[in-house]
Amino acid sequence: KQEVTQIPAALSVPEGENLVLNCSFTDSAIYNLQWFRQDPGKGLTSLLLIQSSQREQTSGRLNASLDKSSGRSTLYIAASQPGDSATYLCAVRRGTNAGKSTFGDGTTLTVKP
Amino acid sequence: SQTIHQWPATLVQPVGSPLSLECTVEGTSNPNLYWYRQAAGRGLQLLFYSVGIGQISSEVPQNLSASRPQDRQFILSSKKLLLSDSGFYLCAWSEGSHTEAFFGQGTRLTVV
């Protein structure tokens, strides 16, 4: 059974700092990994999708990497801003069975002005 | 462009009452559809998924059921709610098993 772990559970940083969020998974037989952002009481917003054949994806100040063999992914946020404050979730997906996703519990990020 | 609608945003229901949450997707055909539940401060647990009209798969035994009466409509139901059904319910879709998943804004259900 796939298990996804996100460390740390919470992170507080001053504005402008670069930071890394971690996601690890136990079964490396994944098809892709997706990073989401969730604001309090809201749905999930997709940030980046990395296919299993890819090593990284970039969007603006965000960079996600994937090391499938070691079961790890990182989300790098450059020059953090207070508006980046949210919970960040990673989800790994199998290629079969309708692409069901297994989620981590998330990292709650607070960026202080 | 594709959009997903989920309603209501919040719902307070007494124990033993029925439930119907609706999710619709626009701008795509034959999407994979998913219902998730999120406990406070936790990740998401997949409840149901559907790869086509009338095709429903359940991931966990529970007091809930799902239906897909139309291609882009996914409904989460219960005949009699329990206190333990309280939570944040999220609907999601993707074009296939290998593509990006998109989520609705969620329904906060409180059973009292």
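Refer to the structure presented above.
The following paragraphs examine the structure supplied in this document. All of these numbers come straight from a predicted model, not from anything done at the bench.

On to the overall build of chain B, then. Counting its secondary structure elements, chain B contains zero helices and eleven strands. By the compact-globule yardstick of 13 Å for 112 residues, chain B fits well, its C-alpha radius of gyration being 13 Å. Taken across its 112 residues, chain B has 51% of its residues classed as buried. If you take every contact in chain B between residues at least 6 apart in sequence, the share linking residues at least 24 apart comes to 54%. As presented, chain B carries roughly 5200 Å² of accessible surface, and 53% of it is formed by carbon and sulfur atoms.

Right, let's get into the overall build of chain A. Each helix and strand counted, chain A has zero helices and eleven strands in total. Counting from the amino terminus, helix and strand elements in chain A follow one another as β-β-β-β-β-β-β-β-β-β-β. What you see for chain A is a C-alpha radius of gyration of 14 Å, in line with the 13 Å of a compact globule of 113 residues. Viewed in the frame of its principal axes, chain A has a C-alpha envelope of about 45 × 30 × 20 Å. Relative to its full complement of 113 residues, chain A shows a buried share of 46%. Within chain A, residue pairs in contact and separated by at least 24 positions form 53% of the contacts whose partners lie at least 6 positions apart. Roughly 5200 Å² of accessible area belongs to chain A as shown, and the carbon and sulfur atoms make up 47% of that amount. Side chains of chain A carry 11 positive and 9 negative charges; the gap between the two charge centres is 7 Å.

We describe a pair of aromatic rings using the distance from one ring centre to the other and the angle between the two ring planes. Under the counting rule described, the total for this entry stands at eight aromatic pairs over all chains. Taken together, a centroid distance of 5.4 Å and an interplanar angle of 80° make the contact between Phe103(A) and Tyr36(B) edge-to-face. Pair noted here: Phe103(A) is in strand E10 (residues 101-103) and Tyr36(B) is in strand E4 (residues 32-38), and the two residues belong to different chains. The same class applies to Phe103(A) and to Tyr36(B), which are both buried. One aromatic cluster is present, built from ring pairs that chain together Phe36(A), Phe103(A), Tyr34(B), Tyr36(B) and Phe103(B).

If you look at the interface, chain B gives 25 residues, while chain A gives 24 residues. At the boundary of chain B and chain A, one finds one salt bridge. Two residues, Lys100(A) and Glu59(B), come together in a salt bridge whose shortest N-O distance is 2.8 Å. Scanning the region where chain B abuts chain A turns up nine residue pairs in polar contact (both at pLDDT 80 or more). Going through the elements one at a time, E4, strand E5 (44-52) and strand E9 (87-94) of chain B are the ones with two or more residues in the side of chain B that touches chain A. Looking at the side of chain B that touches chain A residue by residue, the class counts come to ten nonpolar, eleven polar and four charged.

The rules behind each value
Residues numbered from 1 in each chain as written. Chains lettered and ligands numbered in written order. Predicted model: local features only at pLDDT ≥ 70, side-chain atom pairs only at ≥ 80, totals over all residues. Heavy atoms only, no water. Helix = DSSP H or I, 4+ residues; strand = E, 2+ residues; numbered from the N terminus. Rg over C-alpha atoms; globule rule 2.2 N^0.38 Å. Buried < 20%, exposed > 50% of the residue type's maximum accessible area, 1.4 Å probe, protein only. Contact = heavy atoms within 4.5 Å. Areas by Shrake-Rupley, 256 points an atom, 1.4 Å probe, with all protein chains shown as cover. Lys, Arg positive; Asp, Glu negative; His and termini not counted. Charge placed at Lys NZ, Arg CZ, Asp CG, Glu CD. Phe/Tyr/Trp six-rings, centres within 6.5 Å; stacked < 30°, edge-to-face > 60°. Salt bridge = Lys/Arg side-chain N within 4 Å of Asp/Glu carboxyl O. Polar contact = N/O pair within 3.5 Å; in protein donor to acceptor, adjacent residues only side chain to side chain. Nonpolar A, V, L, I, M, F, W, Y, C, P; charged D, E, K, R; others polar.

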